[in-house]
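# Descriptive structure summary
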Amino acid sequence: MPGPRAVSRSSLSHRLAWALLLPGVATAQTVDADTAREPEAAALVAPAEPEPQPEPPRDTRTVVTATRLPRPLRDVPATTVVIPREEMERSPTLTQDALIRTLPSAATFRRTPSLVADPTAQGLNLRGLAPSGVARGLVLLDGLPFNDPYGGWVFWRALPRLGLDRVEVVPTGGSALYGSAALGGVVQLFSRPITGPVLDVDLSAGNLGTGFAAARIADRWGRVGASLEVEGLTSNGYRIVPEGQRGRIDGDTPSNHVSAQARVEAAATDHLSLSARAGVFRETQNGGTQYTVASVDLMWFAANARLRTDAAGAFELGLHGRTQHFAQDRARVAPDRNFEIRSALQDVPADDQGGSLVWTGPELTLGGTHVLAAGVDVRRSHGRADEVLFPASYTATTLYARNTRGTQLSGGVFVQDLYTVSPALEFAGTLRWDTWRNFDGNQLESFANGTTTATDFEPRTARQLSPRIAARVRPLEWLTLRASAYRAFRAPTLNELYRPFQVGTVLTAANPDLGAERLWGTEAGVEATGPRGLTGRVTGFWNVLDAPVTNVTLATPLPDGATRQRQNLGRARVRGVELGADWRMSRQWTALAAYTFVDPVVTRAPGQPDLVGRQLPQDPRHRGSLAVTFDDPRIVSVTAQLRVFGPQYEDDLNTRGMGGAAVVDLFVSRHLFWKVDAFGAVENLFDRQYLAGRAGVDTLAPPFQARVGLRLRDVFSESSARAAPGAPGR
């Protein structure tokens, strides 16, 4: 769905759900909006088949991510995109990463979704900021960092959609608030408030052997609430190699996953709230041949305590941790693709632990109003990569095993002042100091003659200061101006420092001498609201990325056959503009349109002069989307979506081009009876064939995918039970 979601598009049934859910808000990352939604109270006593009600004003929607404090969306001084739950329900997409990619400013490394993509190629990229398998944007789940601690990857399928309330996307440098991982911005997913009793179920099946099942149950007993979400997905995938290049080894790309997440929250007193959650995730992924297999096992936990005081403000303590295991087989493929043998097997266990403490002060009056916030956080990440190699031939000096390990300890402290001079003018100033240390780095290589070589990597410590200043001006009620300038950074991950990897036939080496990426940037935009629910916005941005970690093609392959290596490239300039428009044409009709132009060019590359002037790989200059929705619960709900993206390159030398494409998606749902809806969803309706990658062998983006299913909503809801027979209800 394109553009900042300026307008809520819920029917009466969705309003009933909101009215039931909002009282359950008890943690710092979900926001009490009862006051803003008071006009909807009459919906609770409406007749069974009322006319759809007008939408609440845009400024009633409260967001958190851009300032780490609850703020009305129209008052936030940074570009913020919101995907509310009702849009998730109507989205044709099946996976979370595909949902995020409906925003033109957001992308993953390649054009393949997590349904078929290797787990290490699912990094988040915002505004074309040097895409790679490593995310240059931070992903949060209710404030919990969800980026993989070893590689910075994002396991999108580990996030059950049925339990989500909304997604907030802030596509601008966020290190001043969130530290290293937020170089290019932040995507935060918020869980649904716990009310109850509630039971929701989704079931669907489709072509490509796709089967999906999800359920969520929640209840509340006085001050205590609990929820449980489970999800399972299986798919046969598709033939990812184009027909003209396929050999006997090429088949489908089957995958499956299961996930479960439990959450408990309690209002211990009127001022103290507690919450805890734990989750498990298991995924297996086949890349299309016998020896291109990957799997992920993940367990995580989080705990949160929030204390609100009248005199001293609010204090929030958060703790989190995870343990995981990633495994991957690599293959050596014959040129005609009729034969393959295993070339390597990797096991990558990793774990991390972290915590944060954030204070939000009471409102102060001094030439206006000030809201101060300060916080500190720390995170420890550890991992190793155990690799067994199967070379084509053996000699006494043949390398057959490699083991690497490392630990990274990072921490930061920040302070922020939200200064409201008047309702028409607000400033936000933020300053953060970070430090990180890589240590315990070691590599052990074993050779065929029985000898070993051990290498200890020197510990390295670095520091970074990240300032940000932003302003929001509203000279007229219908006109809002925003501007900001910032500095951000990203420390190299343990994966980039120590673990080599292979995609197709291309082997990329690690580099223990990598330094941090640093970003200077600015953005400025204007937003205007017009008659009949029309909202338009334009935002320009200019980013300069110093020393980006890039997979650089080597003039001479390394002894192990690696033809690329991770290196700090030099400098890249990423500038562009975003356009967006939302139009509520009537109570039933909504249109959303967005377009992002990005000019990502290498401007300096010491030792690699051929790269200067080249476009950054995996990054099209043009992306756009258009979605039109008709939503009348008494009749049908339909969303038609067009996604367009321009040509891009696979490699840093811009020799392997991939053409653009236009893809149409469709979603249709209809109420059947009681609390049951039927739906159908199609991605790539016209079966448009286009390339997703060219790493040694060409690979295809997803073909036509369709599924049909049933949804059961709010089984225990008394309001739905009282509805007249046949009336739409959730």
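Residues numbered from 1 in each chain as written. Predicted model: local features only at pLDDT ≥ 70, side-chain atom pairs only at ≥ 80, totals over all residues. Heavy atoms only, no water.

Helix and strand content of the chain: six helices and 41 strands. When each of the 730 residues of the chain is scored for burial, the buried share is 59%. Pairs at least 24 apart in sequence give 66% of the contacts found in the chain among residues at least 6 apart. (Helix = DSSP H or I, 4+ residues; strand = E, 2+ residues; numbered from the N terminus. Buried < 20%, exposed > 50% of the residue type's maximum accessible area, 1.4 Å probe, protein only. Contact = heavy atoms within 4.5 Å.)

Mean pLDDT for the chain: 87, with 89% of residues reaching 70 or above. Predicted confidence is poor over residues 1-59, with pLDDT under 50, and the contacts of this stretch with residues over four places away or in other chains come to 138 contacts. (pLDDT = per-residue confidence, 0-100.)

Another aspect to go through is unusual backbone geometry. Most peptide bonds adopt trans geometry, and most residues besides glycine take a negative phi value. For the peptide bond that leads from Gly-196 to Pro-197, omega is 0°, which places it in the cis range. With respect to the helices and strands, the residue Pro-197 is situated in the loop between strand S9 (186-191) and strand S10 (198-206). Non-glycine residue Asp-142 carries a positive phi angle of around 50°. Structurally, Asp-142 can be placed in the loop between strand S6 (138-141) and strand S7 (144-145). Asp-142 gets classed as buried once you look at its relative accessible area, which sits at 15%. Not every positive phi belongs to a glycine, and Arg-532 is a case in point at roughly 55°. Here Arg-532 lies in the loop between strand S27 (517-529) and strand S28 (534-546).

All right, on to the sheet that holds strand S8 (residues 164-170) then. The sheet built from five strands is open, its strands ordered S3-S8-S9-S6-S7 with mixed pairing. Of all strands in the sheet, those with a lone pairing partner are strand S3 (81-84) and S7, marking the two edges. In this sheet, S8 lies alongside S3 in antiparallel orientation, the contact comprising four bridges. Note that in S8 the partner of Pro-84 across the bridge is Arg-166. (Pairing = 2+ DSSP bridges.)

This next bit is on the pairing of strand S11 (residues 210-221). As paired strands, S10 and S11 are joined by nine bridges and run antiparallel to one another. Across the sheet, residue Ser-204 finds its bridge partner in S11, namely Phe-212. Between the antiparallel neighbours S10 and S11 lie three residues, among them Leu-208 with a positive phi of about 60°. Relative to strand S12 (residues 224-235), S11 runs antiparallel, the two being bridged by 11 bridges. Bridge pairing in S12 places Trp-221 opposite Val-224.

Glancing now at the side chain of Gln-618. Turning to its location among the elements, Gln-618 is positioned in the loop between strand S32 (589-604) and strand S33 (622-632). In terms of polar contacts, Gln-618 uses its side chain to reach the side chain of Glu-650, at 2.7 Å. Those residues within four positions of Gln-618 in sequence are excluded, and the remaining contacts are Phe-109, Arg-110, Pro-131, Gln-648, Tyr-649, Glu-650, Met-658 and Ala-692. (Polar contact = N/O pair within 3.5 Å; in protein donor to acceptor, adjacent residues only side chain to side chain.)

By the definition in use, this model includes nine aromatic pairs. Cluster of aromatic residues (ring-pair linked, three or more members): Tyr-150, Trp-153 and Phe-326. Its guanidinium or amino end placed over the ring of Phe-190, Arg-166 lies 3.9 Å from that ring's centre, counting from NZ or CZ. One residue, Arg-322, lies across the ring of Phe-146, its end atom 5.2 Å from the ring centre. (Phe/Tyr/Trp six-rings, centres within 6.5 Å; stacked < 30°, edge-to-face > 60°. Lys NZ or Arg CZ within 6 Å of the ring centre and 35° of its normal.)

The next subject is the environment of Gly-696. Mapped onto the elements of the fold, Gly-696 is located in the loop between strand S39 (691-695) and strand S40 (697-700). Among the residues examined, Gly-696 registers a relative accessible area of 46% and is labelled partly exposed. Taking the C-alpha atoms as reference points, Gly-696 and Arg-656, separated by 40 residues in sequence, lie 9.9 Å from one another.

Here we come to the nonpolar core. In summary, soluble globular proteins display a tendency toward joint burial of nonpolar side chains. By size, the foremost hydrophobic cluster in this structure holds 42 residues, and its most contacted members are Leu-124, Phe-146, Val-167 and Leu-189. Of the residues forming this core, the biggest block, five residues, is contributed by strand S15 (residues 293-309). Excluding residues within four positions of it along the chain, Val-167 makes contact with Val-81, Val-82, Ile-83, Met-88, Ile-100, Val-187, Gln-188 and Leu-189. (Core = buried A, V, L, I, M, F, W, Y, C linked by side-chain atoms within 4.5 Å.)

Moving on to the pattern of salt bridges. Summed over all chains, the structure comprises 51 salt bridges. Of the charged contacts in the structure, one is a salt bridge between Glu-265 and Arg-263, with a shortest N-O distance of 3.5 Å. On the basis of relative accessible area, Glu-265 is assigned to the buried category, the value being 3%. Classification of Arg-263 as buried rests on a relative accessible area of 7%. (Salt bridge = Lys/Arg side-chain N within 4 Å of Asp/Glu carboxyl O.)

Turning to the pairing of S32, a few remarks are in order. Both strand S31 (residues 571-584) and S32 contribute to a ladder of 14 bridges, which runs antiparallel. Considered in S32, the bridge of Gly-580 is made with Ala-594. The hairpin turn running from S31 into S32, its antiparallel successor, is four residues long. Of the pairings in the sheet, the one linking S32 to S33 comprises nine bridges and is antiparallel in character. Within the sheet, the bridge partner assigned to Phe-597 lies in S33 and is His-622.

Moving on, we get to the side chain of Asp-631. With respect to the secondary-structure elements, Asp-631 resides in strand S33. You can call Asp-631 buried: its relative accessible area is 10%. Within the structure, Asp-631 has its side chain in polar contact with the side chain of Arg-90 (distance 3.1 Å).

Moving on, we come to a nonpolar patch on the surface. On the surface, Phe-301, Leu-307, Phe-315, Leu-317, Leu-319, Leu-357, Val-376, Val-413, Val-415, Leu-431, Trp-433 and Leu-465 cluster together to form a nonpolar patch covering roughly 990 Å² of accessible area. When residues of the nonpolar patch are traced back to their parent elements, those giving at least two are S15, strand S16 (313-333), strand S20 (399-422) and strand S21 (425-447). The element contributing the most residues to the nonpolar patch is S16, with three residues. The residue Leu-317 is located in strand S16 in this model. (Patch = residues over 30% accessible without salt bridge, like charges linked within 9 Å, V, L, I, M, F, W, Y side chains within 5 Å. Areas by Shrake-Rupley, 256 points an atom, 1.4 Å probe, with all protein chains shown as cover.)

Once that is clear, we can look at the environment of Ala-130. Along the chain, Ala-130 turns up in the loop between strand S5 (124-126) and S6. On the basis of relative accessibility, which here comes to 6%, the residue Ala-130 falls in the buried class. It is 9.8 Å that separates the C-alpha atoms of Ala-130 and Val-602, two residues lying 472 residues apart in sequence. For Ala-130, the contacting residues outside a window of four places in its chain are Asn-125, Arg-136, Leu-545 and Leu-616.

Let us now look at the environment of Gln-245. With respect to the helices, strands and loops of the structure, Gln-245 is situated in the loop between S12 and strand S13 (255-267). Assessed through its relative accessible area of 31%, Gln-245 is described here as partly exposed. Taking the C-alpha atoms as reference points, Gln-245 and Arg-337, separated by 92 residues in sequence, lie 7.8 Å from one another. Not counting residues up to four positions away in its chain, the partners in contact with Gln-245 are Asp-250, Arg-337, Val-697 and Asp-698. Here Asp-698 takes part through its side chain, which lies 2.8 Å from a polar atom of the side chain of Gln-245.

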